[in-house]
Amino acid sequence: SGAAAIECPTPDWAAAFRVPDEHRAALALYAAAAKGFLDDLAAGAAGGPPGASEAVAAHRVVDAAYRSAGAGGTPVDVATDVP
């Protein structure tokens, strides 16, 4: 079928998340990437592909999606004025 299972172990530090247990494993899948991105920003490094500017742009799109969902699906602008 072309599908393969990929192991995604939960990092030990994910136990520190203050979220319900049923959400912890799913959030942990993204936590390492988000932490790496934030570490790169804090260090002033662009990081590997995608770069910091692409990651910030992606976060702006996700933020707009959440704001739209919170407004009942009303279209919202993607923030472009944040440095």
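Here goes a summary of the coordinates provided. (Residues numbered from 1 in each chain as written. Predicted model: local features only at pLDDT ≥ 70, side-chain atom pairs only at ≥ 80, totals over all residues. Heavy atoms only, no water.)

Some remarks on the pattern of salt bridges
For the coordinates displayed, the defined rule picks out two salt bridges. Among the ionic pairs, Asp39 bridges to Lys35, the shortest N-O distance being 2.8 Å. With Asp39 and Lys35 both in helix H1 (residues 21–43) and four residues apart, the pair spans about one turn of that helix. Among the salt bridges present, the one from Arg67 reaches Asp63, with a minimum N-O distance of 2.8 Å. (Salt bridge = Lys/Arg side-chain N within 4 Å of Asp/Glu carboxyl O. Helix = DSSP H or I, 4+ residues; strand = E, 2+ residues; numbered from the N terminus.)

Brief notes about the side chain of Ser68
Within the fold, Ser68 resides in helix H2 (residues 52–70). A residue is classified by how much of its surface remains accessible, and Ser68, at 15% relative accessible area, is buried. For Ser68, the side chain forms a polar contact with the main-chain oxygen of Thr74, separated by 2.8 Å. Sequence-distant contacts of Ser68, defined by excluding residues within four places in its chain, comprise Gly73, Thr74, Pro75 and Val76. (Buried < 20%, exposed > 50% of the residue type's maximum accessible area, 1.4 Å probe, protein only. Polar contact = N/O pair within 3.5 Å; in protein donor to acceptor, adjacent residues only side chain to side chain. Contact = heavy atoms within 4.5 Å.)

Digging into H2
Spanning 19 residues, H2 covers 27 Å between terminal C-alpha atoms, matching the ideal 27 Å at 1.5 Å per step. Turning to H2, its buried residues number three or more, namely Ala52, Ala55, Arg60, Ala64 and Ser68. Those residues of H2 that are buried lie in contact with H1. Positive phi shows up at Gly72, right after H2, with a value of about 75°. (Expected span 1.5 Å × (residues − 1).)

Focus: H1
When the terminal C-alpha atoms of H1 are compared, their 32 Å separation across 23 residues agrees well with the 33 Å that a helix rising 1.5 Å per residue should span. Its axis deflected by about 40° at Leu27, H1 carries its strongest bend there. For H1, the full list of buried residues reads Arg24, Ala28, Ala31 and Phe37. Summarising the contacts, the buried residues of H1 are in contact with H2. (Bend = angle between axes of the 7 residues up to and from the residue.)

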